[in-house]
Protein chains: 2
Amino acid sequence: MPGPAAALTARYGAGAEPKAGPWNDTIALLLSHRSVRGYRPDPLPAHTLETLIAAAQSAATSSNLQTWSVVAVDDPAVRKELAEVAGNQKHIEQCPLFLVFLADTSRNARLAEAEGTELAGQPFLESFLVAAIDAALAAQNAVVAAESLGLANVYIGALRNDVTRVARLLGLPPGVAPVFGLCVGYAAEGREGEVKPRLPQAAVLHRERYDAEDAGHRAAYDPRMAAFSARNEMAADTWTKRVIARLGTMRALNGRDRLKDALIALGFPLR
Amino acid sequence: MPGPAAALTARYGAGAEPKAGPWNDTIALLLSHRSVRGYRPDPLPAHTLETLIAAAQSAATSSNLQTWSVVAVDDPAVRKELAEVAGNQKHIEQCPLFLVFLADTSRNARLAEAEGTELAGQPFLESFLVAAIDAALAAQNAVVAAESLGLANVYIGALRNDVTRVARLLGLPPGVAPVFGLCVGYAAEGREGEVKPRLPQAAVLHRERYDAEDAGHRAAYDPRMAAFSARNEMAADTWTKRVIARLGTMRALNGRDRLKDALIALGFPLR
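Please read all numbers here as calculations on a predicted model, not as lab measurements. (Residues numbered from 1 in each chain as written. Chains lettered and ligands numbered in written order. Predicted model: local features only at pLDDT ≥ 70, side-chain atom pairs only at ≥ 80, totals over all residues. Heavy atoms only, no water.)

1. Observations regarding helix α4 (residues 76-85) of chain B
Residues and elements named next belong to chain B. When we look at burial in α4, the residues that qualify are Val-78, Arg-79, Leu-82, Ala-83 and Val-85. The buried residues of α4 occupy one face: seen down the axis, they fall within an arc of 155 degrees. Taken together, the buried residues of α4 touch α5 (91-94), β2 (97-104) and α8 (163-170). For α4, the side-chain oxygen to backbone nitrogen distance between the N-cap and Ala-77 is 2.9 Å, and the N-cap itself is Asp-75. The positive-phi residue at the C-terminal boundary of α4 is Gly-87, with phi of around 70 degrees. (Buried < 20%, exposed > 50% of the residue type's maximum accessible area, 1.4 Å probe, protein only. Helix = DSSP H or I, 4+ residues; strand = E, 2+ residues; numbered from the N terminus. Arc of directions from axis to C-beta. Contact = heavy atoms within 4.5 Å. Polar contact = N/O pair within 3.5 Å; in protein donor to acceptor, adjacent residues only side chain to side chain.)

Below is the structure:
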């Protein structure tokens, strides 16, 4: 595992490192995260899925409501359709383990129905948000557990391009919606990727009050991201150009402008 | 660190353990998570904050948009007001490090403004959701890093009781909203807590398609949670009773039924 100096340089770029604090192998593991989009077909060790889900369930969950679920999808035909939803991301078909994390308010709704009562506090945006955050905290624990086992991964937010189709494919009842997918497996040779630089810490971390001054953070970060992109066979665009490309047009949303209506139709009133 | 058998029994209860898969100290750390609500005043080692934020920034972020920020709040007067928002949770005033994680679409909005363009894809529910998920993935990495250093923590979702007041206290510009807080510090003596049992894995993990059958999961879990509650000086309520108490009434939402309107006023159109 790399020490703090090398790990912080990889994450922030030479000259942009924050001060090094306490350090250990777990922190080195966290800093070494890379999203991997090419997998070997090799199966995972027996019961890896159970270990990842145990890690996921060990994450905090709001008021212990546990309003998330996960579907492990093996069926190649379903994987193919999920890959289509996500703009033909081939690694969804390729990875040995594919998980769809779900915001799930239906389990508690069934509980209330069985008890002859209703959950008056559930039809709000807050409940969907709690469920999505629960799912994210759980998934991130699964990611850390996977990486500790030498397994690569990548989140698939593009399942939100068409949550209606994903819900139909997975047989989701009302009150359940996909939040994102997760590919897990061994990185294919040459696809291990490189640690991606992030914005300088001072752009993200504020003290006492929010500081809206850019203070040159973006100017320093743009060439780092352009160099990273050039090294990784993408167009050598700055971060600024990438943000504008991703959010500058409705077309780039790939249908996610319809997410609100789709969630309401899936049984989240979002009041 | 406990081995898989002891860790899985603590997390799921005797007789409810999933099959044990691959194991290591990082996975043992993840399974040992507890939320801690009492802290010693002892300060953290120098630059712990920078280490936690480096871990947080190393988490995946949708399209590398990095639409989250965090404020470290030391000012006792502000801590006191934040504790009030959260229903007088004293640990917010007590813990040596208190972080407020933010959904932040304003950094990219400022970028676009500086470039003389607009982000047509930003005023949607999707953008708020991406920002909240980004914040959650980042925060969970900070939590894992903190726990690896022997530091306890607890998420404070109750900051959402009044996001308007939190935004004012922290000077948040339009397009920034608090998602949750996080206390970090050394657990006070006797406040280390006990690993909380979760629902059986089969209640949360589905294979191929969602399975809405309860199959006795709740009946098995209820007495485990009642026993946990009794041991931890809470009323010996079942999980079923706690879910209904938390979500059965509007009053229990503590104002979070107004979250949608408050977010819109803070500059998230949520289209």
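2. Looking at the relation of the copies chain A and chain B
The transformation that overlays chain A on chain B combines an axial shift of 0.0 Å with a rotation of 180 degrees, and the residual RMSD is 0.0 Å. The transformation just described matches what one would write down for a two-fold rotation axis. When the interface residues of chain A are mapped onto chain B, 100% of them again lie at the interface, so the same face is used by both copies. (Least-squares fit on C-alpha atoms with pLDDT ≥ 70 in both.)

3. Some details on the UniProt feature "domain: Nitroreductase" (unreviewed entry) in chain A
UniProt's entry tags residues 32-186 of chain A with the feature "domain: Nitroreductase" (unreviewed entry), counted in the numbering of this structure. For residues 32-186 of chain A, the helix share is 42%, the strand share is 18%, and the end-to-end C-alpha distance is 15 Å. (UniProt positions renumbered as here; feature names shortened; annotations may be inferred.)

4. Points about the packing of aromatic side chains
Within the structure shown, the criterion is met by ten aromatic pairs over all chains. Aromatic side chains A:Tyr155 and A:Phe180 sit 5.1 Å apart centroid to centroid with 85 degrees between the ring planes, which places their arrangement in the edge-to-face category. One end of the pair, A:Tyr155, is in strand β3 (residues 152-156); the other, A:Phe180, is in strand β4 (residues 176-185), and 25 residues separate them in sequence. Across the pair, exposure class does not vary: A:Tyr155 and A:Phe180 are buried alike. With centroids separated by 5.2 Å and ring planes inclined at 75 degrees, the aromatic side chains of B:Phe128 and B:Phe268 adopt a geometry described as edge-to-face. Here B:Phe268 lies in the segment after α12 (259-265) and B:Phe128 lies in helix α7 (residues 125-148), a separation of 140 residues in the sequence. Looking at B:Phe128, the relative accessible area reads 4%, which means it is buried. (Phe/Tyr/Trp six-rings, centres within 6.5 Å; stacked < 30°, edge-to-face > 60°.)

5. Notes on the environment of A:Ala86
Positionally, A:Ala86 belongs in the loop between α4 (76-85) and α5 (91-94). Along the primary structure A:Ala86 and A:Gly3 are separated by 83 residues, whereas in three dimensions their C-alpha atoms are 37 Å apart.

6. Details of the sheet that holds strand β5 (residues 205-207) of chain A
Two pairing modes exist for strands in a sheet, parallel and antiparallel, and in both the strands are linked by backbone hydrogen bonds. Spatially, five strands are ordered β5(A)-β1(B)-β2(B)-β4(B)-β3(B) in an open sheet, and the strand pairing comes out mixed. Single-partner strands in this sheet number two, and they are β5 of chain A together with β3 (152-156) of chain B. Strand-to-strand twist of the sheet, defined as the mean angle between neighbouring strand axes without regard to direction, takes the value 25 degrees. Pairing of β5(A) with strand β1 (residues 68-72) of chain B involves three bridges; the strand directions are parallel. Paired with A:His206 across the strands is B:Val71, a residue of β1(B). (Pairing = 2+ DSSP bridges. Axes fitted to C-alpha atoms, helices over the stretch in contact; angles between N-to-C directions.)

7. With respect to the sheet that holds β3(A)
Spatially, five strands are ordered β3(A)-β4(A)-β2(A)-β1(A)-β5(B) in an open sheet, and the strand pairing comes out mixed. A single partner strand is all that each edge strand has here, and the edge strands are β3 of chain A together with β5 (205-207) of chain B. When strand polarity is set aside, the average angle formed by the axes of neighbouring strands in this sheet is 25 degrees.

8. Brief notes about the packing of helix α10 (residues 217-231) of chain B against helix α11 (residues 239-247) of chain B
Residue and element names in this part refer to chain B. As a packed pair, α10 and α11 sit with axes 7 Å apart at the nearest point and diverge in direction by 80 degrees. Taken together, the axes of α10 and α11 are roughly perpendicular relative to one another. Along the contact surface, α10 presents Arg-218, Tyr-221, Asp-222, Met-225 and Ser-229, while α11 presents Trp-239, Thr-240 and Arg-242. Split into classes, the residues belonging to the contact of α10 with α11 amount to three nonpolar, two polar and three charged. (Parallel < 35°, antiparallel > 145°, perpendicular 65-115°, else oblique. Nonpolar A, V, L, I, M, F, W, Y, C, P; charged D, E, K, R; others polar.)

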